[in-house]
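Given next are the chains, with one letter for each unit.
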Protein chains: 2
Amino acid sequence: MNAILRRKQHKAELKTQILAAAREIFVRDGYESFSMRKLAQRIDYSPGSIYLHFKNKEELFESLVEESFDRLLRALNRLKNGHAHQDPVAKLKTGLRAYIDFGLRNPNDYRFAFLLRRPLQRRPYKVHPAFDVMRYLVGRCVEEKRFRPVDVESTSQALWAAIHGITSLLIQRPTFPWVARRQLIDQVINNAVDSLMLRPDQEEETGVSHAQPSGV
Amino acid sequence: MNAILRRKQHKAELKTQILAAAREIFVRDGYESFSMRKLAQRIDYSPGSIYLHFKNKEELFESLVEESFDRLLRALNRLKNGHAHQDPVAKLKTGLRAYIDFGLRNPNDYRFAFLLRRPLQRRPYKVHPAFDVMRYLVGRCVEEKRFRPVDVESTSQALWAAIHGITSLLIQRPTFPWVARRQLIDQVINNAVDSLMLRPDQEEETGVSHAQPSGV
DNA sequence: CGTTCATAGTGAACAACGTTCATTATACTG
DNA sequence: CAGTATAATGAACGTTGTTCACTATGAACG
């Protein structure tokens, strides 16, 4: 009776164990050298066994991405709810920074989610809830008259483009002679956000974009 | 005597023929379903023959990328040299737009160049000459006092991030509910550039960023 | 306790992959 | 025509993802 329940539970545990092992191999060896057989060997099962839990490699990957996205989403939501007193612009900037940091700290997740070409783009992924947070934060800035009356949707998309751009470039082209990483990220964020502000002449916070030419 | 020359020429022709076929397969079937064997079959040679011209699959890809980059670079240089009378800011914006348009019109080239994960990033590619154009255009804006005295290098990199972001997102996530494409591109460019201008209160050209909320 | 039966797990098999290499065909030179 | 350098082959190797007929396992029931 409850034996079947224990079975189900065991199966679920096994599934998460597979995911954990997969993530580890993936992080250690990279995407292209990951293989179902290596994974099977790692968890001491036969290759076929993995297919009891996942339809195929693609679906296994999707599960990993979903996990990662949930983490990003949770981080963003924590941010959205906390710091209630904070200036909405500061909050937006913090959110943008959180997104970038997430990508840089979890480059494989980010690659999964945005960089890897998927054969025929099945589900549109769960970008949308994360993007909702962006819309919300931008909306707040407009409502509280910190931004010009810009279109929330297109502004959110433009901001996403900016932060996705710097995130993916830093991940994918680590050997390019970038300027100091923090400085660059700040500049991208400030450039993107400041031009939306109602009084762009107020210039605290934009520090680095006024830096003297340094000839890096 | 000149027979060996004809041989060399024939070999070169064959190489370009291989590249053309590879590009076609790649464009039609996508990256993951491209294979050396398919390519060989397509050009009516045995699989081994390709290895007379390319060390391996990776090197073949690199060649394709290089071709693509040369095309982008030529497009940008044409822009840099032409339109001498134009305002440097307008010229920069035109350049940014040209970059994005190139990516959208040649998505596979762009994928090759920036999106595909390369196993262990050997040569740093020829991004640099293209990036030089960006540095030059930004430098002109600063010299002619159209920009604040920003750091040219970090500003160029931040701008690159913005246009790479929108380009890659539009290529890679075509099903996302984007706002009108031109509007979005304009907004990304204007947001990124306008915050650098010396007199950000001048607001001709930024049209769309002032649009009323449309609830798209 | 012995039988039944769903399920978990196996591992051999398949087709396709990138790559190598001994072998053969080709086309030029002397 | 003989000799030779090069072009091209295709069989082979070790992978890969995935399938499937099969066996082992362990709970349920008479």
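Residues numbered from 1 in each chain as written. Chains lettered and ligands numbered in written order. Predicted model: local features only at pLDDT ≥ 70, side-chain atom pairs only at ≥ 80, totals over all residues. Heavy atoms only, no water.

**Q** Which residues make up the overall build of chain A, and what are the values?
**A** A count of helices and strands for chain A gives 9 helices and 0 strands. Start at the N end of chain A and walk to the C end: the helices and strands fall as α-α-α-α-α-α-α-α-α. Pairs at least 24 apart in sequence give 66% of the contacts found in chain A among residues at least 6 apart. Accessible area for chain A stands at about 10,600 Å²; split by element, carbon and sulfur atoms hold 55% of it. (Helix = DSSP H or I, 4+ residues; strand = E, 2+ residues; numbered from the N terminus. Contact = heavy atoms within 4.5 Å. Areas by Shrake-Rupley, 256 points an atom, 1.4 Å probe, with all protein chains shown as cover.)

**Q** So what's going on with helix H4 (residues 57-81) of chain B? Which residues, and what values?
**A** For H4 of chain B, built from 25 residues, the straight-helix expectation of 36 Å at 1.5 Å per residue is met to within 8% by its first-to-last C-alpha distance of 37 Å. Listing the buried residues of H4 of chain B in full gives Glu 58, Leu 60, Phe 61, Glu 62, Leu 64, Val 65, Ser 68, Phe 69, Leu 72, Leu 73, Leu 76 and Leu 79 of chain B. (Expected span 1.5 Å × (residues − 1). Buried < 20%, exposed > 50% of the residue type's maximum accessible area, 1.4 Å probe, protein only.)

**Q** Hey, could you go over the pattern of salt bridges for me, with residue numbers and the actual values?
**A** What the rule picks out here adds up to 24 salt bridges over all chains. Among the salt bridges present, the one from Lys 93 of chain A reaches Asp 194 of chain A, with a minimum N-O distance of 3.2 Å. Taken as a pair, Lys 93 of chain A in helix H5 (residues 88-105) and Asp 194 of chain A in helix H9 (residues 181-194) lie far apart in primary sequence, 101 residues in all. Each member of the pair, Lys 93 of chain A as well as Asp 194 of chain A, carries the same accessibility label: buried. For Glu 59 of chain B, the salt bridge identified is with Lys 55 of chain B, shortest N-O distance 4.0 Å. A relative accessible area of 29% means that Glu 59 of chain B is categorised as partly exposed. Residues joined in a network through salt bridges with shared partners are Arg 28, Asp 29 and Lys 38 of chain A. (Salt bridge = Lys/Arg side-chain N within 4 Å of Asp/Glu carboxyl O.)

**Q** Describe in detail unusual backbone geometry, supporting the description with residues and values.
**A** In this structure, Lys 145 of chain A takes a positive phi of about 60° despite not being glycine. Tracing the chain through its elements places Lys 145 of chain A in the loop between helix H7 (127-143) and helix H8 (152-172). Although it is not a glycine, Asp 44 of chain B adopts a positive phi angle of roughly 60°. Inspection of the secondary structure puts Asp 44 of chain B in the loop between helix H2 (36-42) and helix H3 (47-50).

**Q** I'd like a description of the packing of aromatic side chains, backed by residues and values.
**A** The final tally for this structure, using the stated rule, is 23 aromatic pairs over all chains. Ring centres 5.8 Å apart and planes at 90° place the aromatic pair Tyr 99 of chain A and Tyr 110 of chain A in the edge-to-face group. With Tyr 99 of chain A in helix H5 and Tyr 110 of chain A in helix H6 (residues 107-115), this pair connects stretches of sequence that are 11 residues apart. Taking the relative accessible area as the measure of exposure, Tyr 99 of chain A reaches 8% and is therefore buried. Judged by its relative accessible area of 2%, Tyr 110 of chain A falls in the buried class. Between the aromatic rings of Phe 26 of chain B and Phe 61 of chain B, the centroid separation amounts to 6.0 Å while the plane-to-plane angle is 70°, which identifies the pairing as edge-to-face. Within this pair, whereas Phe 26 of chain B is found in helix H1 (residues 2-29), its partner Phe 61 of chain B is found in helix H4, the two being separated by 35 residues in sequence. Residue Phe 26 of chain B is classed as buried on the basis of its relative accessible area of 1%. (Phe/Tyr/Trp six-rings, centres within 6.5 Å; stacked < 30°, edge-to-face > 60°.)

**Q** Account for the environment of Tyr 31 of chain A, naming residues and giving values.
**A** All names here are of chain A. Here Tyr 31 shows up in the loop between helix H1 (2-29) and helix H2 (36-42). Given the relative accessible area of 22%, Tyr 31 is considered partly exposed. For the pair Tyr 31 and Arg 111, spaced 80 residues apart in sequence, the C-alpha to C-alpha distance is 9.2 Å.

**Q** A description of the confidence of the model for chain A should follow, citing residues and the corresponding values.
**A** Residues with a pLDDT of 70 or more make up 83% of chain A, whose mean pLDDT is 84. With pLDDT under 50 throughout, residues 200-216 of chain A is counted as low confidence; its partners more than four residues away or in other chains account for 28 contacts. (pLDDT = per-residue confidence, 0-100.)

**Q** Describe in detail the environment of Val 150 of chain A, supporting the description with residues and values.
**A** All names here are of chain A. Tracing the chain through its elements places Val 150 in the loop between H7 and H8. The exposure class of Val 150 is buried, given its relative accessible area of 0%. Spatially, the C-alpha atoms of Val 150 and Leu 196 are 7.6 Å apart, while their sequence positions differ by 46 residues.

**Q** Quick rundown of helix H5 (residues 88-105) of chain B? Include the residues and the values.
**A** Compared with an ideal rise of 1.5 Å per residue, which puts 18 residues at 26 Å, H5 of chain B spans 25 Å between its outermost C-alpha atoms and is within 8% of the ideal. Burial analysis of H5 of chain B places 14 of its 18 residues in the buried class, which makes it a mostly covered element.

**Q** Talk me through the nonpolar core; I want residue IDs and the actual numbers.
**A** Here is a general trend for soluble globular proteins: nonpolar side chains tend to be buried in one another's company. In this structure, Leu 60 of chain A together with Leu 60 of chain B are the most contacted members of the largest nonpolar core, which totals 131 residues. Those residues in contact with Leu 60 of chain A that sit more than four places away from it in its chain are Ile 18, Leu 19, Ala 22, Met 36, Leu 39, Ile 50 and Phe 54 of chain A. (Core = buried A, V, L, I, M, F, W, Y, C linked by side-chain atoms within 4.5 Å.)

**Q** Can you explain the packing of H5 of chain B against helix H9 (residues 181-194) of chain B? Please cite residues and give values.
**A** If you want to describe how two helices pack, look at the angle between their axes and the distance between the axes. All names here are of chain B. Interaxial distance between H5 and H9 falls to 11 Å at its minimum, and their mutual angle equals 135°. Considering their axes alone, H5 and H9 lie oblique with respect to each other. Relative to H9, the crossing made by H5 is right-handed. In this structure, H5 contributes Val 89, Leu 92, Lys 93, Leu 96, Arg 97, Ile 100, Asp 101 and Leu 104 to the contact, and H9 contributes Arg 181, Arg 182, Ile 185, Asp 186, Ile 189, Asn 190, Val 193 and Asp 194. The residue inventory of the contact of H5 with H9, partitioned by class, reads 8 nonpolar, 1 polar and 7 charged. (Axes fitted to C-alpha atoms, helices over the stretch in contact; angles between N-to-C directions. Parallel < 35°, antiparallel > 145°, perpendicular 65-115°, else oblique. Left-handed = near helix turned anticlockwise from the far one by under 90°. Nonpolar A, V, L, I, M, F, W, Y, C, P; charged D, E, K, R; others polar.)

**Q** So, the packing of H8 of chain A against H9 of chain B: which residues are in play, and what are the values?
**A** Two numbers describe how H8 of chain A lies on H9 of chain B: the axes approach to 9 Å, and their chain directions differ by 60°. Classified by the angle between their axes, H8 of chain A and H9 of chain B sit oblique to one another. In this structure, the crossing between H8 of chain A and H9 of chain B has a hand that is right-handed. Note on element contacts: H9 of chain B touches H8 of chain A through Gln 183, Leu 184, Gln 187, Val 188 and Asn 191 of chain B, opposite Ser 154, Thr 155, Gln 157, Ala 158 and Ala 161 of chain A.

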